[in-house]
Amino acid sequence: MSDVVEIWADTGERVERDFTLAEQEQRAQDAKDREKAHAVEAKVRLDAIGHAKSLGFTDEMIVFMFPGLAEL
Amino acid sequence: MAYTAPGTAVAGDVLTAAFWNSNVRDNTEYLKTEADLIGIDHLNSTTLTASSSVNLNNVFSSAYTSYRIILTTTSAVTDALYNIRFRVGGVDASGANTYGYSLVQSASIGAWANLDFSNTAATSGTIGYKTATGRTSTIVDIHGPAVASPTGYTVSGQYSGIPYVGGGHHNVSTAYDGFTITAAAGNITGTLRVFGYRNS
């Protein structure tokens, strides 16, 4: 049980260790980036649903016709 | 040329041409012919126990153009995406705007929904999803990671019975020798296997 398993396939060497400081910072940055990307994606979906409703689609129609879009 | 079950020699037997040709020459030629027909080679297997990240170095080389990664999990603490970064010399490629991907998952009858998407805006590529409740599996075919040109990959997998497919690319023209797979949250318990597709 360790943060990182590092393997060298050519020699078979295996090292188990904790995250380095740089790796911890990268993980924190990754989490922020992902949160930001998902917020953008959520807005795109909401805008699409809003557009569909402006064209007269009901929630039931959107769920039936675009189940992926309605899974917000 | 057919394979012949090898005979057993005992002390005092005289080696004959017929015995040699059948047991050594013909069987060796048969086995070589069969071995040459194998299209994929096993390169590495690694077991993971509650690890958040696995770095595999020196697995990509000029010996193969395409590779298959199979990651199966038996348990995981948290539902989360898996991400990949290519690496060389023990350093991950994590530059901004270098990975793009799109994965879709089964949503309902005849419909697919987004699992994760990035239009070349990410610093890592998504290759799958793990759940805390069940076994998951992800198969990733990677094309040209050890060539100094952009690297592509395709994905298929499932979590808790929900299938997903997709793919992505890394747009940096660098030859990589390995990769890192990271759980976006929580950790991974399971097995990672890597195979190389023979070029001919």
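Above: the structure in question.
These lines cover the structure that appears in this document, whether it is placed above or below. Predicted model only: the values in this text are computed from it and were never measured.

Turning our eyes to something else, we now look at the overall build of chain B. Helix and strand content of chain B: one helix and 13 strands. For chain B, the N- to C-terminal ordering of α and β elements is α-β-β-β-β-β-β-β-β-β-β-β-β-β. Taking 2.2 N^0.38 as the reference for a compact globule, 200 residues should give roughly 16 Å; the C-alpha atoms of chain B span a radius of gyration of 22 Å, well beyond that estimate. Across its three principal axes, chain B shows a C-alpha extent of roughly 70 × 40 × 35 Å. Within chain B, buried positions represent 44% of all 200 residues. A fraction of 72% describes how many contacts in chain B between residues 6 or more apart in sequence connect residues 24 or more apart. Total accessible area on chain B stands at roughly 9,000 Å², and carbon and sulfur atoms take up 58% of it. Computed over 9 positive and 11 negative side-chain charges, the separation of the two mean positions in chain B equals 7 Å.

Turning next to the interface of chain A and chain B. Taken residue by residue, the interface counts 25 residues in chain A and 36 residues in chain B. Buried area between chain A and chain B, both sides added, is near 2,100 Å², and the carbon and sulfur share of it is 39%. Connecting chain A to chain B are three salt bridges. In this structure, Arg85(B) and Asp30(A) form a salt bridge, with 2.7 Å as the shortest nitrogen-oxygen distance. For the interface between chain A and chain B, the tally reads 18 residue pairs in polar contact (both at pLDDT 80 or more). Listing elements by their share of the side of chain A that touches chain B, those giving two or more residues are β1 (4-8), β2 (14-17) and α1 (21-54) of chain A. Ranked by the residues each element gives to the side of chain A that touches chain B, the list is headed by α1(A), at nine residues. The residue makeup of the side of chain A that touches chain B, split by class, is eight nonpolar, four polar and 13 charged. In the sheet, β1(A) pairs with strand β2 (residues 53-57) of chain B via five bridges, with the strands oriented parallel. In the sheet register, Trp8(A) faces β2(B), and the bridge partner there is Asn57(B).

For the rest of this paragraph, the subject is the packing of aromatic side chains. In this description, a pair of aromatic rings is defined by centroid distance and the angle of the planes. All names here are of chain B. This structure, assessed with the given rule, holds eight aromatic pairs over all chains. Plain terms: the ring middles of phenylalanine 60 and phenylalanine 179 are 5.8 Å apart, the flat faces sit at 35° to each other, and that makes the pair tilted. Highlighted residues: phenylalanine 60 in the loop between β2 and β3 (66-75) and phenylalanine 179 in strand β12 (residues 178-183), separated in sequence by 119 residues. Residue phenylalanine 179 is classed as buried on the basis of its relative accessible area, which comes to 0%. On the basis of an interplanar angle of 55° and a centroid distance of 4.6 Å, the ring pair of tyrosine 129 and tyrosine 159 is categorised as tilted.

To continue, consider the environment of Tyr159(B). Residues and elements named next belong to chain B. In this structure, tyrosine 159 sits in strand β10 (residues 151-159). In the structure, tyrosine 159 is positioned 100 residues away from valine 59 in sequence and 27 Å away in space, judged by C-alpha atoms. The residues contacting tyrosine 159, other than those within four sequence positions of it, are Gln105, Leu115, Tyr129, Thr131, Thr136 and Tyr164.

Parameters at a glance
- Residues numbered from 1 in each chain as written.
- Chains lettered and ligands numbered in written order.
- Predicted model: local features only at pLDDT ≥ 70, side-chain atom pairs only at ≥ 80, totals over all residues.
- Heavy atoms only, no water.
- Helix = DSSP H or I, 4+ residues; strand = E, 2+ residues; numbered from the N terminus.
- Rg over C-alpha atoms; globule rule 2.2 N^0.38 Å.
- Buried < 20%, exposed > 50% of the residue type's maximum accessible area, 1.4 Å probe, protein only.
- Contact = heavy atoms within 4.5 Å.
- Areas by Shrake-Rupley, 256 points an atom, 1.4 Å probe, with all protein chains shown as cover.
- Lys, Arg positive; Asp, Glu negative; His and termini not counted.
- Charge placed at Lys NZ, Arg CZ, Asp CG, Glu CD.
- Buried area = accessible area lost by both parts, 1.4 Å probe.
- Salt bridge = Lys/Arg side-chain N within 4 Å of Asp/Glu carboxyl O.
- Polar contact = N/O pair within 3.5 Å; in protein donor to acceptor, adjacent residues only side chain to side chain.
- Nonpolar A, V, L, I, M, F, W, Y, C, P; charged D, E, K, R; others polar.
- Pairing = 2+ DSSP bridges.
- Phe/Tyr/Trp six-rings, centres within 6.5 Å; stacked < 30°, edge-to-face > 60°.

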